[in-house]
Amino acid sequence: GRGREGDEEGGFEYGNKLAFKRCRVSVPERLPEGKGETLAQFEAQARVQYRKGEGVAGQAWARGAGEMHWQDLHSIPDDDDSLAEDPRMLSAKALFDLVVALPLPDARDAFASGVRASSSGDVRGVLVMYRNGNSHGLRPNENVRQLSERKTFTSLLSKGREVVSSALLLEDMRPAWRSTLGKPQLKDDEEEAAAERQDDGPKASLRSIAEIKSAAGSYLQRWRGKRVPVLTGHGLEFAALAFLGVLVSLAALAQVDLLLRKHTSWRDDTLFALVASFGALAMMLFASPTSPLVQPRSVIGGHLIAVPAAIALDYLVADQYLGFFPQWLAVALIPGLAVVAMCLSGLIHPPAVACAIIYLEGGPEVKNARWMFLAVPVLLDSILMLCLALLINNASRTRQYPLYW
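So, here's what we can say about the structure. No experiment lies behind these values; they were computed from the predicted model shown.

**What to know about the overall build of the chain**
Line of reasoning, step 1. Helix and strand counts for the chain stand at 16 helices and 6 strands.
Line of reasoning, step 2. Relative to its full complement of 405 residues, the chain shows a buried share of 38%.
Line of reasoning, step 3. In the chain, of all internal contacts separated by at least 6 residues, the share reaching a separation of at least 24 is 71%.

**Observations concerning the packing of aromatic side chains**
The description of an aromatic ring pair rests on the distance of the ring centres and on the angle between the ring planes.
Line of reasoning, step 1. Inspection of the entire model under this criterion finds 5 aromatic pairs.
Line of reasoning, step 2. For the pair Tyr219 and Trp223, a centre-to-centre distance of 5.8 Å together with 70° between the ring planes defines the contact as edge-to-face.
Line of reasoning, step 3. Aromatic pair Tyr315 and Tyr321: ring centres 4.7 Å apart, planes at 70°, arrangement edge-to-face.
Line of reasoning, step 4. A network of ring pairs unites the aromatic residues Phe272, Tyr359 and Phe373 as a single cluster.
Line of reasoning, step 5. It is Arg399 that lies over the ring of Phe238; its NZ or CZ is 4.0 Å from the centre.

**Regarding the sheet that holds strand β4 (residues 69-72)**
Line of reasoning, step 1. The strand order β4-β5-β6 describes an open sheet built from 3 strands, whose pairing is antiparallel. Taken across any chain shown, the strands that pair with only one partner, and hence form the sheet edges, are β4 and β6 (123-131). Put simply, the sheet's adjacent strands are angled 15° from each other on average, direction ignored.
Line of reasoning, step 2. Where strand β5 (residues 98-105) meets β6, 8 bridges bridge the pair, whose relative direction is antiparallel. Each bridged residue has a counterpart across the sheet, and for Pro105 the counterpart in β6 is Val123.
Line of reasoning, step 3. Here helix α2 (residues 55-63) sits on the sheet in contact with β4, β5 and β6, set at roughly 130° to β6.

**Quick notes on the environment of Val100**
Line of reasoning, step 1. Locating Val100 in the fold gives a position in strand β5.
Line of reasoning, step 2. Using a relative accessible area of 7% as the deciding quantity, one classes Val100 as buried.
Line of reasoning, step 3. Put simply, Val100 and Val144 are 44 residues apart on the chain and 9.0 Å apart in space, counted from C-alpha to C-alpha.
Line of reasoning, step 4. Those residues within four positions of Val100 in sequence are excluded, and the remaining contacts are His69, Trp70, Leu127, Val128, Met129 and Leu157.

What counts, and at which threshold
Residues numbered from 1 in each chain as written. Predicted model: local features only at pLDDT ≥ 70, side-chain atom pairs only at ≥ 80, totals over all residues. Heavy atoms only, no water. Helix = DSSP H or I, 4+ residues; strand = E, 2+ residues; numbered from the N terminus. Buried < 20%, exposed > 50% of the residue type's maximum accessible area, 1.4 Å probe, protein only. Contact = heavy atoms within 4.5 Å. Phe/Tyr/Trp six-rings, centres within 6.5 Å; stacked < 30°, edge-to-face > 60°. Lys NZ or Arg CZ within 6 Å of the ring centre and 35° of its normal. Pairing = 2+ DSSP bridges. Axes fitted to C-alpha atoms, helices over the stretch in contact; angles between N-to-C directions.

As structure tokens, this is what we get:
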């Protein structure tokens, strides 16, 4: 659940981290050899905290109340970015085959308005459940599809979500009940504490210095990183398919680029297709196809955010138009604004930011294209790369692309 933080009116708001409140594991009496130590490590990692978008719990939080986040653990490569974000996932992969995370809605508003808790917008916490099953022999995410389509099972999960949300609401209300019952005494204690603070100036200063040192130490401590296992490389089959995907996709872009330069023209220049940022996209599509950064909505949406912003700002930079905005500031401003928009929309795609910089720093061939640059090469290349990723990634039984549209 999300921790509580006091507000100015004496109530509380939820914090910006998820922390495990309880961890309960039901296992058979005899575990397979080597599983006992892994299970102990999994339970010991229950103190891990997650920010929005981090790990399974954070991704479910980002999706919002009312959604269910399913994950086939066996389909996640050992060096996937999600394992680095969630140190429990390596242990979970060895113990379980499936995880479903249910965002728990904030039941306070639902309680006040009389609606069902599952329709409330804010997320109070996340209920994470793992299944100890056997999905070997199935295509990646096939067991997810089978379970998510069972209406009785999903209905049971929804009911459980409502029960846990109500329990959390009662737990949050408990301190308020105690405060109400003991209000006169608490008021006297607060007056005494205020009087002590007035007579304790030097000591208060020392406490402030100690708090600053503690905050600085905590900040520097985070530089050490999390204590998670170092991710290992993939096998030869994975590397070979990644090589094939990058080779075929970039060769296709180069061929399209050649044809466009020979047979098209636009404002006294030829159209083109080969842009450096799509080399990074090719690597991500075939070397890390499970990353949220390269799912179709992020690829298309990220480019639709960053590139139009760069083209629009260039009218303030280019000498043939207004020409009063400095080039060096534009190159820094557009990526910053694009990152803000991507974070707010959930359409994060790093190559799109690189593509925007390429346009701002481009020569006459690039700048003369203006808004055509968004259609050709950006959207044309994006669609071509996604089509090739669908064909090549899904040719392997150990891969599935995309995870979602």
